[in-house]
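Geometric and topological summary
One letter stands for each residue in the lines below.
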Amino acid sequence: MNYKVIDQKTGDVLVTVDYPLGYVHGVNDVMSEQVTKQLDGKKIGDTIEVPIDTKLLYGERDESLVFTDHIDNVPEEYREIGMTITMENEKGEPRNFIVTRFDDKTLTVDGNNPLCGREVIFRLEVLTIREATDEEIDLGGAVGSDPDINEILSRT
């Protein structure tokens with residue numbers, strides 16, 4: 001499978017995963033039940049679209065996780081939109097923050113998941129289907145998967 005996450009309001013593609021992802025239907029708990037139900041009975045080439053409630057996945061957006069600091073306090077290597085910076089709280093627990101904006105004077109980071117607070121659609125395309133091995137069933141995902149991308153593309 002491959003997938004895209006699309007903003008329902010703007011139609012913008014927020015996330016694209018073009019490389020094949022392994023998944024064992026019926027035993028994999030990585031995907032939400034909403035998605036797995038939609039995959040029942042699908043075949044190669046089928047596409048599903050499932051609206052996802054990001055509040056259930058990531059909770060409410062927390063504005064206290066958005067920080068702006070003077071640009072001089074931020075090392076140059078972090079002055080890039082989309083850069084991930086890992087910081088620790090007073091308990092030593094790590095949290096990722098993403099640089100969302102900067103200018104000549106300030107830099108802003110956001111510790112919320114980038115999908116938090118958005119209404120999104122999960123669009124998934126089935127690229128290939130095969131029986132899972134016993135090991136894959138036990139693990140809930142593909143093991144030693146090295147798909148031949150040309151074989152997959154020739155089926156579409």
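Criteria and cut-off values
- Residues numbered from 1 in each chain as written.
- Predicted model: local features only at pLDDT ≥ 70, side-chain atom pairs only at ≥ 80, totals over all residues.
- Heavy atoms only, no water.
- Helix = DSSP H or I, 4+ residues; strand = E, 2+ residues; numbered from the N terminus.
- Buried < 20%, exposed > 50% of the residue type's maximum accessible area, 1.4 Å probe, protein only.
- Contact = heavy atoms within 4.5 Å.
- Areas by Shrake-Rupley, 256 points an atom, 1.4 Å probe, with all protein chains shown as cover.
- Core = buried A, V, L, I, M, F, W, Y, C linked by side-chain atoms within 4.5 Å.
- Salt bridge = Lys/Arg side-chain N within 4 Å of Asp/Glu carboxyl O.
- Pairing = 2+ DSSP bridges.
- Axes fitted to C-alpha atoms, helices over the stretch in contact; angles between N-to-C directions.

Describing the overall build of the protein chain
Within the protein chain one finds four helices and eight strands. Along the protein chain, helices (α) and strands (β) appear in the sequence β-β-α-β-α-β-β-β-β-β-α-α when read from the amino end. Here the protein chain, with 156 residues, has 26% of them falling under the buried criterion. Here the contacts in the protein chain between residues at least 6 apart in sequence split such that 59% fall between residues at least 24 apart. As displayed, the protein chain has an accessible area near 10800 Å², and 47% of this comes from carbon and sulfur atoms.

Topic: the nonpolar core
Considering soluble globular proteins, one finds that nonpolar side chains tend to be buried as a cluster. By size, the foremost hydrophobic cluster in this structure holds 13 residues, and its most contacted members are Val35, Leu39, Ile48, Ile52, Phe122 and Leu124. Among the nonpolar cores identified, the runner-up in size contains seven residues, and Ile71, Val74, Phe97 and Leu107 belong to it.

Section: the pattern of salt bridges
Oppositely charged side chains may form a pair once their charged atoms are brought near each other. Enumeration according to the criterion identifies six salt bridges in this entry. A salt bridge links Glu49 to Arg123; the nearest nitrogen and oxygen atoms lie 2.6 Å apart. Of this pair, Glu49 sits in strand E3 (residues 47-53) while Arg123 sits in strand E8 (residues 119-125), and the two are 74 residues apart along the sequence. A residue is classified by how much of its surface remains accessible, and Arg123, at 32% relative accessible area, is partly exposed.

Side note on the pairing of strand E1 (residues 2-7)
In the sheet, E1 pairs with E8 via six bridges, with the strands oriented antiparallel. Counted as the bridge partner of Asp7 is Val120 from E8. Where E1 meets strand E2 (residues 13-17), four bridges bridge the pair, whose relative direction is antiparallel. Across the sheet, the residue bridging to Tyr3 is Val17, located in E2. The hairpin formed by E1 and E2 contains five residues between the paired strands, and Gly11 there has a positive phi angle of roughly 80°.

Looking at the environment of Lys4
Mapped onto the secondary structure, Lys4 falls in strand E1. A relative accessible area of 31% means that Lys4 is categorised as partly exposed. Placed 116 residues apart in sequence, Lys4 and Val120 show a C-alpha to C-alpha distance of 9.9 Å. Those residues in contact with Lys4 that lie beyond four places of it in its chain are Val13, Val15, Thr16, Ile121, Phe122 and Arg123.

A closer look at the sheet that holds E8
Spatial ordering of the open sheet is given by E2-E1-E8-E3, a layout of four strands whose pairing is antiparallel. The open sheet has two edge strands with one neighbour each: E2 and E3. Taking the axes of each pair of neighbouring strands and ignoring which way they run, one obtains an average angle of 15° across the sheet. Taken together, the seven bridges between E3 and E8 define a ladder with antiparallel strand orientation. The partner of Asp53 across the bridge, within E8, is Glu119.

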